[in-house]
Amino acid sequence: MNKHIAVIRGDGIGPEIVEQALAVLDKIAALYGHTFTYTSVDMGGCAIDKYGDPLPDHELEKCLASDSVLLGAVGGDKWNSFPGHLRPEKGLLRLRAGMGVYSNNRPAKIWRQLADASPLKASIVAQGIDFIIVRELIGGIYFGAHQTENGVATDVLQYSEAEIERIGRIGFETARKRRGKLCSVEKSNVLDSSRLWKTVMHRLAAEYPDVTLSDMLVDNCAMQIVKNPAQFDVIVTENMFGDILSDEASMITGSIGMIPSSSLGQSSCGLYEPIHGSAPDIAGKDIANPIGTILSAAMMLRYSFDLPKEADAIENAVSAVLDAGYRTADIMSQGMIQIGCKECGEQILRHLQ
Ligand code: NAD
């Protein structure tokens, strides 16, 4: 199989972690007889420095012409004082909107080898943590009008039935392929947009009799994720709620550095990225955990390129490295062998079959 991948290294730890993921993709290509070619794309702070724009048209075009996009992370202190339109995150929002990727899927799964790394009580972890958050990605308050005038700031939160329906369907379809439980999270006791959300989800439920739909208010969900995460199979929610809940969910699995994500729309061309940011505090020190990015590459093979065996091979190699006791600093525990970002990538290559 020949695939063309747009690669956004970004800022901070982005280049270090992406390098490891590309080495893994190259080894998969060699082992399974595929050809992956890469085009480098500038986005984020590095693009602001180079072009005065976090994602110029010509760089977005490279992504749209690819079979999928692999992203490290963008942002950093250097650009924090820049005006809104000149922030690295604007590039990311533009990329997501430009690619039309409206569904962001983030697995929250605890690796058995890392049970100790979870901040939750062992008795809660023992019940199992294995759920997916399906987050609407290109609507809601992040994409509404933003304005500050005469000391009053306004951000508009708007959802149409069509936007809710298309993400709702992804939630039901995802639950159907798993344990058949879908929890729709909103704030319908306060927000009109949430009341519409709830109505649409219940209308869709009639088409998915094999999926059990439940509703939960977002504040309760934030509590339930730490109190009883085993109750969840698939959570579907709007953009901002999903942003916050998925960071919370990642933390209970041990480290933000372990979690991959996929963002998909109507076509198979997806955006794959770890859920963490550019971690400027550890950039350039060779201590970042590259596993979230490497597992994002595995998701790309599984969901965009339909290569499940190759994706399994990467996930098995990660598991084998953890079994062998190797840990980056963020998941280090007593008796384990601490390694850096580069060595973590090399160990995964060594365990790839
Ligand atoms: P962050 O995720 O970058 O870092 C939070 C903490 O987690 C830090 O202590 C960091 O060292 C640690 N961490 C993150 N990834 C790690 C990894 N792979 N291995 C080990 N430790 C890791 O979040 P932040 O500090 O709030 O944001 C830093 C910058 O990243 C900001 O400019 C922010 O806007 C940006 N950001 C970008 C994205 C993205 O590109 N998708 C997402 C979130 C934040």
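Structure's up top.
These remarks concern the structure in this document. Source: prediction; values computed, not measured.

## Describing the overall build of the protein
Part 1: When helices and strands are tallied, the protein shows twelve helices and 14 strands.
Part 2: Against the compact-globule benchmark of 20 Å for 353 residues, the protein has a radius of gyration of 20 Å, which places it among compact chains.
Part 3: Each principal axis of the C-alpha distribution contributes one length, and for the protein these read about 50 × 50 × 40 Å.
Part 4: Buried positions account for 53% of the 353 residues belonging to the protein.
Part 5: When the accessible surface of the protein is totalled, it reaches about 14900 Å², and 52% of it is carbon and sulfur.

## Brief notes about the packing of helix 10 (residues 291–304) against helix 11 (residues 308–323)
Part 1: Where helix 10 contacts helix 11, the axes come no closer than 7 Å and their chain directions differ by 160°. Taken together, the axes of helix 10 and helix 11 are roughly antiparallel relative to one another. Where helix 10 crosses over helix 11, the two elements pack in a sense that is left-handed. Residues I291, I294, L295, A298, L301 and R302 of helix 10 pack against P308, E310, A311, D312, I314, E315, V318 and L322 of helix 11.
Part 2: Class assignment of the residues belonging to the contact of helix 10 with helix 11 gives a composition of ten nonpolar, no polar and four charged.

## As for the packing of helix 1 (residues 14–32) against helix 10
Part 1: Where helix 1 meets helix 10, the axes come as close as 8 Å, and the angle between the chain directions of the two elements is 40°. Here helix 1 is positioned oblique relative to helix 10, judged by the angle of their axes. Classified by chirality, the crossing of helix 10 by helix 1 is right-handed. Contact residues: helix 1 offers I17, V18, Q20, A21, V24, L25 and I28, while helix 10 offers T293, I294, A297 and L301.
Part 2: Considered class by class, the residues forming the contact of helix 1 with helix 10 number nine nonpolar, two polar and no charged.

## Some words on the site of the ligand
Part 1: Among the 20 residues in the neighbourhood of the ligand, the closest are listed as V74, E89, G277, A279 and N289.
Part 2: Within the contact set of the ligand, an oxygen atom lies 3.0 Å away from a backbone nitrogen or oxygen of G76.
Part 3: In terms of residue class, the shell around the ligand is made up of nine nonpolar, seven polar and four charged.

## A short note on the pairing of strand 10 (residues 234–237)
Part 1: Going residue by residue along strand 10, you find V234 and V236 tucked away on one face and I235 and T237 tucked away on the opposite face as well.
Part 2: The sheet contact formed by strand 5 (residues 130–136) and strand 10 spans four bridges and is parallel. The partner of I133 across the bridge, within strand 10, is I235.
Part 3: Taken together, the four bridges between strand 8 (residues 181–186) and strand 10 define a ladder with parallel strand orientation. Looking at strand 10, one finds that C183 is bridged to I235.

## Here's the deal with the state of the cysteines
Cysteine pairs can be covalently joined through their sulfur atoms, and such a bond is termed a disulfide.
Part 1: Tallying each qualifying case throughout the model produces zero disulfides.
Part 2: Free cysteine: C46, not disulfide-bonded; nearest cysteine sulfur from C63 at 12 Å.
Part 3: In this structure C221 is not part of a disulfide, and its nearest cysteine sulfur, from C183, lies 5.7 Å away.
Part 4: We classify C221 as buried; its relative accessible area is 0%.

Definitions and limits used
Residues numbered from 1 in each chain as written. Predicted model: local features only at pLDDT ≥ 70, side-chain atom pairs only at ≥ 80, totals over all residues. Heavy atoms only, no water. Helix = DSSP H or I, 4+ residues; strand = E, 2+ residues; numbered from the N terminus. Rg over C-alpha atoms; globule rule 2.2 N^0.38 Å. Buried < 20%, exposed > 50% of the residue type's maximum accessible area, 1.4 Å probe, protein only. Areas by Shrake-Rupley, 256 points an atom, 1.4 Å probe, with all protein chains shown as cover. Axes fitted to C-alpha atoms, helices over the stretch in contact; angles between N-to-C directions. Parallel < 35°, antiparallel > 145°, perpendicular 65-115°, else oblique. Left-handed = near helix turned anticlockwise from the far one by under 90°. Contact = heavy atoms within 4.5 Å. Nonpolar A, V, L, I, M, F, W, Y, C, P; charged D, E, K, R; others polar. Near = heavy atom within 4 Å. Polar contact = N/O pair within 3.5 Å; in protein donor to acceptor, adjacent residues only side chain to side chain. Pairing = 2+ DSSP bridges. Disulfide = S-S within 2.5 Å.

Everything listed is a geometric property; what it means functionally is a separate question.
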